[in-house]
Amino acid sequence: MGQHALHRELETLADTLWAERHVVEYLLFKLITAKLILAADERRFVTPALDEVERMVTALRSAEVRRAGALETVARAWSIHVDALTLAELAERAPEPFGAVFRDHRDAFQALASEIEATAQENRKLAISSLTHVRETIDALAGPPAGHTYTASGRHDATTTSALRLDEVL
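Residues numbered from 1 in each chain as written. Predicted model: local features only at pLDDT ≥ 70, side-chain atom pairs only at ≥ 80, totals over all residues. Heavy atoms only, no water.

Concerning the overall build of the protein
Reasoning step 1: When its secondary structure is counted, the protein shows five helices and zero strands.
Reasoning step 2: The order of α-helices and β-strands along the protein, N terminus first, is α-α-α-α-α.
Reasoning step 3: In the protein, buried positions account for 29% of the 170 residues.
Reasoning step 4: Approximately 10900 Å² of the protein is accessible, and the part contributed by carbon and sulfur atoms is 57%. (Helix = DSSP H or I, 4+ residues; strand = E, 2+ residues; numbered from the N terminus. Buried < 20%, exposed > 50% of the residue type's maximum accessible area, 1.4 Å probe, protein only. Areas by Shrake-Rupley, 256 points an atom, 1.4 Å probe, with all protein chains shown as cover.)

As structure tokens, then:
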């Protein structure tokens, strides 16, 4: 493959990475939106927010397929196995200005991955907290589950409180 063709393939890969980076940034935006909805306890918007996150995950999978194709082309041009072609390797091998572009992508993807992981962990904590609150509300309305009204020895647990009226809970 000639220099001009390689330049074109590197440009295609760089453009593919820009598109994928945009999808990852939008995924982070959707995760932060979901976090804010969970934190605000706006339960009616949780499902649509999570649907949007799933939509972005699907878009990311498509972007990953496009990236894999572009990487395969560059790997063939350099006669190396595609698995060896990381962003660090691209930054090392590619002529400038592509080396700088691939270094920038590497740094940005690392930062985005860290932010996404931290946000996802916060979302899990908020979701668990919200589910606990829902369970406590249901227990207050209907009383504890039948399994909790007896002790381990099979005796009736007299300390169990009776169900509250809806207006008392709310």
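Now that the structure has been shown, we can carry on.
Section: helix α2 (residues 46-78)
Reasoning step 1: For α2, with 33 residues, the first-to-last C-alpha span of 47 Å sits near the 48 Å given by 1.5 Å per residue.
Reasoning step 2: Every buried residue of α2 is listed here: V46, A49, V53, M56, L60, A63, A70, L71, T73, V74, A75 and W78.
Reasoning step 3: Considering only its buried residues, α2 is in contact with α1 (3-39) and α3 (87-93).
Reasoning step 4: In the segment just after α2, S79 is the residue with positive phi, at about 55 degrees. (Expected span 1.5 Å × (residues − 1). Contact = heavy atoms within 4.5 Å.)

Notes on the environment of R124
Reasoning step 1: Examined against the element boundaries, R124 turns out to sit in helix α4 (residues 98-142).
Reasoning step 2: By relative accessible area, which is 46% here, R124 ends up partly exposed.
Reasoning step 3: Spatially, the C-alpha atom of R124 lies 9.0 Å from that of K35, the residues being 89 residues apart in sequence.

Overview of the pattern of salt bridges
One side chain can pair with another of opposite charge once the charged atoms of both are near each other.
Reasoning step 1: Counting across every chain of the model gives twelve salt bridges.
Reasoning step 2: Here E20 makes a salt bridge to R67, at a shortest N to O gap of 2.6 Å. Of this pair, E20 sits in helix α1 while R67 sits in helix α2, and the two are 47 residues apart along the sequence.
Reasoning step 3: Looking at R67, the relative accessible area reads 24%, which means it is partly exposed.
Reasoning step 4: One salt bridge in this structure joins R21 and D104, with 2.9 Å as the shortest N-O distance. (Salt bridge = Lys/Arg side-chain N within 4 Å of Asp/Glu carboxyl O.)

A look at the packing of aromatic side chains
Reasoning step 1: A full pass over the atoms with the stated rule returns two aromatic pairs.
Reasoning step 2: Measuring from centroid to centroid gives 6.4 Å for F98 and F102, while their planes differ by 25 degrees, and the two rings are stacked. Placement of the pair is F98 and F102 together in helix α4, with a separation of four residues, close to one helical turn. (Phe/Tyr/Trp six-rings, centres within 6.5 Å; stacked < 30°, edge-to-face > 60°.)

Quick look at the side chain of T119
Reasoning step 1: If you trace the backbone, T119 turns up in helix α4.
Reasoning step 2: The residues touching T119, leaving out its near neighbours within four places in the chain, are L28, L31, I32 and K35.

Digging into the confidence of the model for the protein
Reasoning step 1: Per-chain confidence: the protein averages 84 in pLDDT, with 75% of residues scoring 70 or above.
Reasoning step 2: The low-confidence segment residues 160-170 (pLDDT under 50) makes 16 contacts with residues lying over four places distant or belonging to another chain. (pLDDT = per-residue confidence, 0-100.)

Quick notes on the environment of K30
Reasoning step 1: Note that K30 resides in helix α1.
Reasoning step 2: Taking the C-alpha atoms as reference points, K30 and M56, separated by 26 residues in sequence, lie 7.9 Å from one another.
Reasoning step 3: Beyond its immediate stretch of four places on either side in the chain, K30 contacts E52, V53 and M56.

Description of the packing of α1 against α2
Reasoning step 1: Direction vectors running N to C along α1 and α2 enclose 165 degrees, while the axes themselves pass 9 Å from each other. Considering their axes alone, α1 and α2 lie roughly antiparallel with respect to each other. Taken as a pair, α1 and α2 cross one another with a handedness that is left-handed.
Reasoning step 2: Its residues assigned to classes, the contact of α1 with α2 comprises 26 nonpolar, two polar and eight charged. (Axes fitted to C-alpha atoms, helices over the stretch in contact; angles between N-to-C directions. Parallel < 35°, antiparallel > 145°, perpendicular 65-115°, else oblique. Left-handed = near helix turned anticlockwise from the far one by under 90°. Nonpolar A, V, L, I, M, F, W, Y, C, P; charged D, E, K, R; others polar.)

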